[in-house]
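Remarks on the overall topology
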Amino acid sequence: MSSKAWDIICLTLIIIGALNWGLVGFFNFDLVSAVFGGGLSWIARIIFAVVGLAGIYGLFMYGRLKRRTE
């Protein structure tokens, strides 16, 4: 899989995570837990973990973006 494809997948997951945190912050509603069985079901935990990994990958995107603009 190309680097660009990973960037798109990770950016999508980061956006999903950000929207979920926005819902938690503004409305005290956790969409991921609501969709995949309240609390911290194993499916919800996997989704949270994958979104977290995407966030870590997103940190490395900054370095590549900086090199592209120079």
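For helix H1 (residues 3-27), with 25 residues, the first-to-last C-alpha span of 36 Å sits near the 36 Å given by 1.5 Å per residue. Among the residues making up H1, those that are buried are Asp7, Cys10, Gly17 and Asn20. Looking one or two residues past H1, Asn28 carries a phi angle of roughly 55°, positive in sign.

Turning our attention to the packing of aromatic side chains. On inspection of all chains with the given rule, the structure shows one aromatic pair. Relative to Phe27, the ring of Phe26 has its centre 6.3 Å away and its plane inclined at 55°; by these criteria the two rings are tilted. Phe27 matches Phe26 in its accessibility class, with the two residues each being exposed.

Within the secondary structure, Leu40 sits in the loop between helix H2 (31-35) and helix H3 (42-69). With relative accessibility at 61%, the residue Leu40 sits in the exposed group. Setting aside chain neighbours within four positions, we find Leu40 in contact with Arg45 and Phe48.

Cut-off values and rules
Residues numbered from 1 in each chain as written. Predicted model: local features only at pLDDT ≥ 70, side-chain atom pairs only at ≥ 80, totals over all residues. Heavy atoms only, no water. Helix = DSSP H or I, 4+ residues; strand = E, 2+ residues; numbered from the N terminus. Expected span 1.5 Å × (residues − 1). Buried < 20%, exposed > 50% of the residue type's maximum accessible area, 1.4 Å probe, protein only. Phe/Tyr/Trp six-rings, centres within 6.5 Å; stacked < 30°, edge-to-face > 60°. Contact = heavy atoms within 4.5 Å.

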